[in-house]
Structure formats: C-alpha cells, structure tokens
Amino acid sequence: MSRYLLPASVLGTAVGGAVLLKDYVAGGTCPSKATIPGKTVIVTGANTGIGKQTALELARRGGHVILACRDMEKCEAAARDIRGETLNHRVSARHLDLASLKSVREFAAKVIEEEERVDILINNAAVMRCPHWTTEDGFEMQLGVNYLGHFLLTNLLLDKLKASAPGRVVNLSSLAHVAGHVDLEDLNWQRRKYDTKAAYCQSKLALVLFTKELSRRLRGTGVTVNALHPGVARTELGRHTGMHRSTFSSFTLGPIFWLLVKSPQLAAQPSTYLAVAEELEDVSGKYFDGFKEKAPAPEAEDEELAQRLWAESARLVGLDLSRGSPVRGQSLSRSPLEQV
Ligand SMILES: NC(=O)c1ccc[n+]([C@@H]2O[C@H](COP(=O)([O-])OP(=O)(O)OC[C@H]3O[C@@H](n4cnc5c(N)ncnc54)[C@H](OP(=O)(O)O)[C@@H]3O)[C@@H](O)[C@H]2O)c1
C-alpha cells in the first residue's frame, strides 16, 4: 500500500497544480471600470479573504460599504484598513452572525431602519469542511451559514433592494457545487452519515438553486441575482481542512498551493465585476466561473428542485411563503427545527 502512496500523491499534486495554474492564468482584474457613488453595498464575511478585498474594491469605486461580520473587533479593524487605504469614509462595520437566525433578523431590521437604501448585497461569508457543528438554531453549520443564513438575509432585505432598484445580489458559490447533491428529505444531515465535504458541496449547490429561483421571483423588479465561483484563492477558508497538519501536505501541496492559487485581491475581482459591471445589468439567474458565464451542474438547472428547495428553506427559517417575511409571532429564540 505504502509503495503506491508516493506516486499517487505526486500525480495528485501534479493534477491539482495544473488545475490551479489554469485557474490562475484565467484570472485577472475586473474588466469593468464602473464606479458606484451613492450606492450602498453589504458584504457578508468581509473581515478577511475575498470578502474584505471585495469590500475594499467597492469602497475604491465610491460605494457606501457595510462590512457584515460575526466578530466586531475584526470587522472594525477591516473597516479601518479599508477607510485608510481608500480614503472613503463611508465604510462601516455591522454585526451579523449567519449561524444565528436571530442575529440575521436583527441585522436586517437595523439595516432596514437605519439605511436609506441597499443597492448591492454580496453573500460572501462561508465556512468549509468544519467538524459536525450546528448553528444556534440546530442547523448543520455549513448549511446554516453558507446557505440558510444568506437565504433568510436576502429575503428580509428584498423590499429594500427593490425600493432602491436597480439592484444586485451576488451569491458566492463554488465550483465545488458540481460535487453536491441537495437531499430535500434530509437537508440538515439528521439521517445521513455526516460527510463534511459533501455538506460544503450541498450548501454551495443550494446557493446556485437559490439564485435560479430568486431570479425567477425577481423578474421585472430591476433587481438581479447571480451565483459565482471566484476561483481558488489563498484565504482562511481551508482553516478546518487540516492540510497544514499533514507533513506530506506541508512539504508538497502547501508550497504549490501558495505559489499557484489566486491572491484574495485577484479572487475579489469577479465579485466586483458581478456587483458593478454595466453590461450585466439585465443578466440574472446565471452561474459565473470568474468573469465568464458557465453552465452549472445539471442538478443546479432543475427548476422544480429549486422551487421545492425554496419552500423547504422558507419552512426551516420560518419565512411566510406568501409574503417572504418572518412568520408573525414566531419566537426568535426557539429553533425553527423545534417549531415545525
Ligand atoms: N478561497 C477559495 O479558494 C474559494 C473557492 C471557491 C469559493 N469560495 C467562496 O468564496 C467566499 C469567500 O471565501 P474566502 O476564501 O474569502 O474564505 P475566508 O477567508 O475563510 O472568509 C470567510 C468569511 O466568512 C466569515 N464567516 C464564517 N462564518 C460566519 C458566520 N457564522 N457569520 C458571519 N460570517 C462568517 C468569516 O468570518 P471569521 O473570520 O470571523 O471566521 C470570514 O470573514 C466563500 O463563500 C467561499 O465558499 C472560495
């Protein structure tokens, strides 16, 4: 067994390296020079990685940028960095923990009350391949943070987005969605044996399906929504994968990874493009790989699945299906899983 390990690892590394090289070469800076003075943008998970760089790029383009993060110390520090670098003082920090529906509702309520408008929502935050953790409301963490938290947040902000139209929603998905499967009978991993990779892929596929159904519902409102694979970037996303704990990985994959993958600055360019490019004004419901529109995985094209997922997600987060608003009288502290 062990004599196959080294050649297999070398082959794996070479293939992985080639894919990443292609990704790097395909990258580039945002082809649009559009500015966004007077527009209000929300970026979730903006204290680090692609989110922080996207917020920086949008602040450079004159937007009023709201960094929405779970750790206020990191959030304020990122906002300070961005203000210092861009000299745009309309960059602010707000608390949002996507692992808590109560926090999502509080964040949305404050934004609706205190902000005049919301033009662009970038659903960027994510957690990848963490242990089998659950959110405050009892959802598997990757489903709860990456998908359900953003599903609820977007729905709660829709009226504001529509009132500020034209507007845009950008959902950070991933190429990993192609390996995903949405199991409507067990979205929350209560019956299936838990598989953290599959849970990440499911959450990213759910975001593409959500994009499709939301786009259908937004027709004629002036608000568009698209999903994006930003490319492979060296960020903190791999913090739970344990790659750094393996000696083999540290000495082989590690350096290759750091050399070949995109910087967060480069990986933020497609998010910026989807948020501002004038030529995308009427483009909605699509999946982008970098700057290019691509066909997503076949399961992500299933309109009936997208509609059923919407209904199930609304049920899980406690949205009134007919109004798209929180169910009246619903306790914010009880788990929606307990309520249904
Ligand atoms: N990097 C890549 O190669 C890659 C590839 C494909 C897709 N993507 C997607 O691109 C997006 C950005 O990823 P990244 O690489 O920049 O990752 P990252 O560096 O790990 O940043 C993730 C952000 O999400 C935040 N976050 C995590 N849990 C949260 C919660 N409960 N509430 C609010 N915020 C939370 C993190 O906050 P803390 O710092 O407090 O944890 C952080 O700000 C993600 O959607 C990811 O799936 C990335």
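Residues numbered from 1 in each chain as written. Predicted model: local features only at pLDDT ≥ 70, side-chain atom pairs only at ≥ 80, totals over all residues. Heavy atoms only, no water.

This is how it is decided: UniProt positions are given in the numbering used here, feature names are shortened, and annotations may be inferred rather than shown by experiment.
Per an unreviewed UniProt entry, the recorded name for the protein chain is NADP-retinol dehydrogenase, and the organism is Ictidomys tridecemlineatus. Here the protein chain is described in UniProt, under the heading Pathway (unreviewed entry), as follows: "Cofactor metabolism; retinol metabolism." According to its UniProt record, the protein chain has this under Sequence similarities (unreviewed entry): "Belongs to the short-chain dehydrogenases/reductases (SDR) family."

1. Some details on unusual backbone geometry
This is how the line gets drawn: The way it works is that DSSP assigns letters per residue, a run of H or I at least four long becomes a helix, a run of E at least two long becomes a strand, and they are numbered from the N terminus.
With an omega dihedral of 5°, the bond running from Ala165 to Pro166 counts as a cis peptide bond. Here Pro166 shows up in the loop between helix 5 (141-163) and strand 5 (167-172). Residues other than glycine seldom take positive phi values, yet Arg129 does so here, at roughly 50°. Position of Arg129 relative to the elements: it lies in the loop between strand 4 (120-123) and helix 5. For Trp189, which is not glycine, the phi dihedral falls at a positive 55°. By the secondary structure assignment, Trp189 is in the loop between strand 5 and helix 6 (196-217).

2. Some points on the sheet that holds strand 6 (residues 223-229)
What counts, and what does not: Pairing between strands is defined by DSSP: at least two bridges between them are needed. Every axis in this analysis is a line fitted to C-alpha atoms, fitted for helices over the stretch in contact. Angles between the N-to-C directions lie between 0 and 180 degrees. In what follows, a contact means two residues having at least one pair of non-hydrogen atoms within 4.5 Å.
The strand order 3-2-1-4-5-6-7-8 describes an open sheet built from eight strands, whose pairing is mixed. In the strand order of this sheet, the two ends are held by strand 3 (91-95) and strand 8 (292-294), each with one partner. Going from strand to strand, the sheet's axes swing by 25° on average, the running direction of each strand aside. Each of strand 5, strand 6 and strand 7 (287-289) is contacted by helix 6, which is oriented at about 160° to strand 6, the strand it contacts most. Against the sheet, helix 9 (residues 264-276) touches strand 4, strand 5, strand 6 and strand 7, its axis set at about 155° to strand 5.

3. A look at the side chain of Thr40
Rules: Accessibility here uses a 1.4 Å probe with only protein chains present; expressed as a share of the type maximum, an area under 20% marks a residue as buried, one over 50% as exposed, and anything in between as partly exposed. Identification of polar contacts relies on pairs of N or O atoms within 3.5 Å, with a donor-acceptor requirement for protein atoms, meaning one able to donate a hydrogen and the other able to accept it, and with residues adjacent in sequence counted only if both atoms are side-chain atoms.
Tracing the sequence through the fold places Thr40 in strand 1 (residues 40-44). Given the relative accessible area of 4%, Thr40 is considered buried. A polar contact is formed between the side chain of Thr40 and the side chain of His64, at a distance of 3.3 Å. At 3.5 Å, the side chain of Thr40 forms a polar contact with the backbone oxygen of Arg117. Apart from the residues lying within four places of it in its own chain, the contact partners of Thr40 are His64, Ile66, Glu115, Arg117, Val118, Asp119 and Ile120.

4. Thoughts on the environment of Leu157
Mapping Leu157 onto the fold places it in helix 5. Look at Leu157 and you get buried, because its relative accessible area is 0%. Each C-alpha atom, one on Leu157 and one on Asp195, is 32 Å from the other, the two residues being 38 residues apart in sequence. Apart from residues lying up to four places away in sequence, Leu157 is in contact with Ile42, Ala108, Val111, Ile112 and Leu121.

5. Details of the site of the ligand
Rules: We call a residue near a molecule or strand whenever a single non-hydrogen atom of that residue lies within 4 Å of it. With residues, only the protein chains shown are counted as cover, and all accessible areas are computed by Shrake-Rupley using a 1.4 Å probe.
Residues in contact with the ligand amount to 29 residues; listed here are only the nearest, Asn47, Arg70, Tyr200, Ala233 and Thr235. The contact in question runs from an oxygen atom of the ligand to an N or O atom on the backbone of Gly45, over 3.2 Å. In the model, an oxygen atom of the ligand is placed 2.5 Å from a nitrogen or oxygen of the Arg70 side chain. Look at the ligand: alone it shows 900 Å² of surface, and the protein chains cover 97% of it. At the level of elements, helix 2 (49-60) and helix 6 are the ones that each hand at least two residues to the shell around the ligand.

6. Remarks on the packing of helix 2 against helix 9
Two packed helices can be described by the angle between their axes and the distance between those axes. Worth spelling out the cut-off: Oblique is the label for any angle not covered by the other classes, which are roughly parallel (under 35 degrees), roughly antiparallel (over 145) and roughly perpendicular (65 to 115). Each crossing gets its hand from how the near helix is turned against the far one by less than a right angle, where anticlockwise is left-handed and clockwise is right-handed.
Contact pair helix 2 / helix 9: the axes reach a minimum separation of 8 Å and the direction vectors enclose 55°. In terms of their interaxial angle, helix 2 and helix 9 are classed as oblique. Along this stretch, helix 2 crosses helix 9, giving a crossing that reads as right-handed. Counted together, Gly49, Ile50, Gln53, Thr54, Glu57 and Leu58 of helix 2 and Pro264, Gln265, Ala267, Ala268, Gln269, Ser271, Thr272, Ala275 and Val276 of helix 9 form the full contact between these two elements.

7. Notes on a negative patch on the surface
Applied cut-off: For patch detection, residues must exceed 30% relative accessible area and be free of salt bridges, and they are connected within 9 Å for like charges or within 5 Å for nonpolar side chains (Val, Leu, Ile, Met, Phe, Trp, Tyr). For this analysis, a salt bridge means a side-chain nitrogen from Lys or Arg found within 4 Å of a carboxyl oxygen belonging to Asp or Glu. In this tally, Asp and Glu contribute negative charge and Lys and Arg positive charge; neither His nor the terminal groups of the chain are included. Taken as the charge centre is NZ of Lys, CZ of Arg, CG of Asp or CD of Glu, depending on the residue.
Taken together, the side chains of Glu278, Glu279, Glu281 and Asp282 present a region of like negative charge at the surface. Note on placement: Glu278 falls in the loop between helix 9 and strand 7.

8. Notes on the nonpolar core
Under the convention used in this document: We call a set of buried Ala, Val, Leu, Ile, Met, Phe, Trp, Tyr and Cys residues a nonpolar core when their side-chain atoms join them within 4.5 Å.
Ile42, Tyr147, Phe151, Leu157, Val182 and Leu309 are the most contacted members of the largest nonpolar core, which totals 54 residues. Broken down by secondary-structure element, the contributors of at least two residues to this core are strand 2 (64-69), helix 4 (101-114), helix 5, helix 6, strand 6 and helix 10 (303-317). Here this core gets twelve residues from one element, more than from any other, and that element is helix 5. With residues up to four places along the chain from it excluded, the contact list for Leu309 reads Tyr147, Val182, Leu184, Leu187, Ala206 and Leu209. Counting residues in hydrophobic clusters, the runner-up holds 31 residues, among them Cys30, Ala34, Ala59 and Phe288.

9. Considering the environment of Thr54
With respect to the helices and strands, Thr54 occurs in helix 2. For Thr54, a relative accessible area of 1% translates into the label buried. Along the sequence, Thr54 and Ala267 sit 213 residues apart, while their C-alpha atoms lie 8.6 Å from each other. Ignoring anything within four residues of it in the chain, the contact list for Thr54 reads Ile122, Ala268, Ser271 and Thr272.

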